[in-house]
Amino acid sequence: MTGAQPPVATDSDLMLVERTVAGDQRAFELLVIKYQRRIQRLIGRMVRDVDLVEDIAQETFIRAYRALHQFRGDAQFYTWLYRIAVNTAKKALLELKRDPTVSEGALRSGDDDDETSWHGNEPTSDETPESVLAAKEIAAVVNAAMDALPADLRQAVTLREIEGLSYEEISTVMNCPIGTVRSRIFRAREAISEKVKPLLDNQSGKRW
Amino acid sequence: MAHDTLKTREAISALADGQLRGQEFARAVEAVSRDDDDRATWHVYHLVGDVLRSGDAAGHNDLAFVERLQLRLKSEDVVVQSTDAIKSIASDAMNTRDNGQFDTQADSANASRFRWKLVAGLASLAAVAFVGWGWVGGLNTAPPVSLATAPAAPASAVVVAAEQPQIMIRDPRLDELLAAHKQFGGTSALQMPAGFLRNATFEVPNR
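Throughout what follows, the structure given in this document is the object of discussion. (Residues numbered from 1 in each chain as written. Chains lettered and ligands numbered in written order. Predicted model: local features only at pLDDT ≥ 70, side-chain atom pairs only at ≥ 80, totals over all residues.)

### Quick look at the overall build of chain A
Item 1. A tally of helices and strands in chain A yields 8 helices and 0 strands.
Item 2. Listing each helix as α and each strand as β along chain A from the N terminus yields α-α-α-α-α-α-α-α.
Item 3. Counting all 208 residues of chain A, 37% fall into the buried class.
Item 4. Nonlocal contacts in chain A, meaning residues at least 24 apart in sequence, comprise 65% of its contacts between residues at least 6 apart. (Helix = DSSP H or I, 4+ residues; strand = E, 2+ residues; numbered from the N terminus. Buried ≥ 20, exposed ≤ 12 C-beta atoms within 10 Å, placed from the backbone. Contact = placed C-beta atoms within 7 Å.)

### As for the packing of helix H2 (residues 25-44) of chain A against helix H4 (residues 62-74) of chain B
Item 1. Orientation of H2 of chain A relative to H4 of chain B, taken along the N-to-C sense of each, is 145°, at an axis distance of 11 Å. Between H2 of chain A and H4 of chain B the crossing geometry is right-handed. For the pair H2 of chain A and H4 of chain B, the contacting residues are Gln 25, Glu 29, Val 32, Ile 33 and Gln 36 of chain A in the first and Asp 62, Phe 65, Val 66, Leu 69, Gln 70 and Leu 73 of chain B in the second.
Item 2. Of the residues contributing to the contact of H2 of chain A with H4 of chain B, the split by class is 6 nonpolar, 3 polar and 2 charged. (Axes fitted to C-alpha atoms, helices over the stretch in contact; angles between N-to-C directions. Left-handed = near helix turned anticlockwise from the far one by under 90°. Nonpolar A, V, L, I, M, F, W, Y, C, P; charged D, E, K, R; others polar.)

### A look at the nonpolar core
Item 1. With 69 residues, the main nonpolar core has Ile 43 and Val 142 of chain A together with Leu 15 and Val 48 of chain B as its most contacted residues.
Item 2. Sequence-distant contacts of Val 142 of chain A, defined by excluding residues within four places in its chain, comprise Ile 192 and Val 196 of chain A together with Val 48, Val 51 and Leu 52 of chain B. (Core = buried A, V, L, I, M, F, W, Y, C linked by C-beta atoms within 7 Å.)

### What to know about unusual backbone geometry
Residue and element names in this part refer to chain A.
Item 1. Unusually for a residue other than glycine, Asn 175 sits at a positive phi of about 55°.
Item 2. Note that Asn 175 resides in the loop between helix H7 (167-174) and helix H8 (178-204).
Item 3. Looking at Asn 175, the number of C-beta atoms within 10 Å reads 7, which means it is exposed.

Here's what the structure looks like:
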């Protein structure tokens, strides 16, 4: 699957975990913002009912929050979160199977790691045609903004976001200093964000 | 102001890529945690990354998801620690990753133990020097001024040590220790205490 790589930012994840354990809940919310879509996609491969997907995702983050003091940093934070999500989804599936009122259609069988079982564009029961259209609009704006970027900015952000290269690796590929890599990636993100933020504001009706 | 905003956002971009360390990391996390606009920037940067990687825009429900989670988190037990403890933990975490860059305002966890070890070492050295001086035979008169002289403000010396990362060379307990050793002034390790000898003076009776 193209670009489906976990983020490389392990040290900053660990430091956000440490801040959370020290009592800063907002640090945990930053991790939630960062990983929520990824976790929802993962759970969506196991559970068909999209109402349940969000509930299980919520439960996953709550469990992760409670267990954060046990996270030692010997594995990547995402890997650890991934395991919690899978276990939470499996537990939910077992409970659902025991519930005679739940139809088989709500469940999804199959390998957790089966990438092909993900149908990311299936509409959810929460989604209206307008919200599906809004999501497609955001994707279109992002892609258009990417196409409009100068070549060096587009290359830098592609290597970072899609190929998952580190700044050091990108500086080698692009034959420029790491500071330049950082600046180009930032400028690319800023250019794309300028187009996306108004769209998000219009869709949500309020600022974050 | 605009320059500061851009600088902050650039730091947020680097934070998203795990590129920040030390004070820069702390400042960026503070900014994203406390400021709504910076938090929105953090969200959009990650949304853009997700869209580029998978084509999945799914950003329209993000706000509701996080708000719902925030409500649930409020009812969770939070490990309550002082702000200084949070800064210390974050600082310690960052210092172990910085190559030789240390936060001079942070005191290490075992700094007080080191100070007491130093005090104990100095006290031992002073005691040995004191005994050695007496063996040479120069202690019957006045004791060495340097050993007898107490610091003018021992309490403030302790305070200074607490406020600044400096080695403490005087301590009230050291003074007590040295004062206790004064009792044995004028003797060597091989001789009996002078006080005992005085008590044992032989008097020739008058005839």
